[in-house]
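Each chain is listed here by its residues.
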Amino acid sequence: MIRLTKSGEENEMMIQLIATAQSVAQAEALMLAGADRLIVGESTYGLRHKGDWSLSAVREVTALAHRYGKEVTVAVNNLMHNDQIVSLPDYLSALKTIGVDSVTAGDPGAISLIRKANIPYWYDAQTLVTSARQIQFWAKREAIGAVVAREVTLTELNQIQRQLGLPIEVQVYGPTCIHHSKRPLVTNYFNELGRNESGEMREYYISEPNDETSRYPIYEDANGTHVFSEDLTLMAQLPELFRNELHTWKLDGWHAGERFVEIVALFSQARSHLLNAKFDRIEMERRLAELQPEPFRLGTGLLLRNPEEIK
């Protein structure tokens, strides 16, 4: 995390880079590249996290992160059913013993158990988080920050942040989930075709009817079927985020592969240049485009739309 101070003032401007991690080895590389906080998780309690994040792996990465002065957040943001809620206290107890810095959660039942376990949490109810008032409700219940719905535009994000005294996360790179179904839709599709094939743990793609070059990844796992957008980038909008005190930037490396470490390093450099008035938007966008893996296109999603267009 980078802090800016002016003439010894107590107020500090902070920009935090958050990155998903797929392994302990990648996690260390991401921290060395400039990531301040890592997001990890596993399918029982968290959604859409690649990598085998067993408790032993979480313990290893947490110890490593703390040696570097970094943080680890564990995703507990699944849509909880009874069996998951019943087993969640033991999982939270293990996370507390490990010493993770925080978790993400949106299920009220899970949040009640997280508060009882005395673990800091980010409110993450996905598409439901669309207003400052909602976040304020959970802030009164000890939330330390919030993950706002990805459908919320940048104009609305600026308005929400101005009304809050805690940070909201803005995704500045990577795909976002645009549909989630508990049903195994890919497997059902194969069954309809008469093919005895499972879609679980494999990635497929759909394209727009009039644009065969577009690719929207579809991924099926134990939590159902997830449809992703094309890769989001807010590299050009980083100065606006900074001006509006949106200082919590998340990067998702879902399909960036080995290039994700370089992409995080580029955003870390962009952060430094921004804080030192050396930010070159055109150059940074060019370098990101060179790193972007084929065939995933970069775009700004819904963030730059007029809010009325989304409604």
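Keep in mind that this is a model prediction, so the values were computed, not measured.

## Things to note about the overall build of the protein chain
Along the protein chain, the regular secondary structure elements total 11 helices and 15 strands. With 311 residues in all, the protein chain has 50% of them scored as buried. Element-wise, carbon and sulfur atoms account for 48% of the exposed surface of the protein chain, whose accessible area totals about 15100 Å².

## Regarding the pattern of salt bridges
Per the counting criterion, the structure on display carries 7 salt bridges. Linking Lys70 and Asp36 is a salt bridge whose minimum nitrogen-to-oxygen distance equals 4.0 Å. Here Asp36 lies in the loop between helix 1 (24-33) and strand 3 (37-40) and Lys70 lies in the loop between helix 2 (55-67) and strand 4 (71-75), a separation of 34 residues in the sequence. The partner of Glu71 in a salt bridge is Arg37, with the nearest N and O atoms 4.0 Å apart. You can see Glu71 sitting in strand 4 and its partner Arg37 sitting in strand 3, a full 34 residues away along the chain. The partly exposed category is assigned to Glu71, whose relative accessible area is 31%. Under the relative-accessibility criterion, Arg37 is labelled buried at 1%.

## With respect to the confidence of the model for the protein chain
In the predicted model, the protein chain carries a mean pLDDT of 85, and the fraction of residues at 70 or more is 83%. Across residues 4-12 the pLDDT falls below 50, and counting only partners more than four positions away or on other chains, this stretch makes 8 contacts in the model.

Cut-offs and rules
- Residues numbered from 1 in each chain as written.
- Predicted model: local features only at pLDDT ≥ 70, side-chain atom pairs only at ≥ 80, totals over all residues.
- Heavy atoms only, no water.
- Helix = DSSP H or I, 4+ residues; strand = E, 2+ residues; numbered from the N terminus.
- Buried < 20%, exposed > 50% of the residue type's maximum accessible area, 1.4 Å probe, protein only.
- Areas by Shrake-Rupley, 256 points an atom, 1.4 Å probe, with all protein chains shown as cover.
- Salt bridge = Lys/Arg side-chain N within 4 Å of Asp/Glu carboxyl O.
- pLDDT = per-residue confidence, 0-100.
- Contact = heavy atoms within 4.5 Å.

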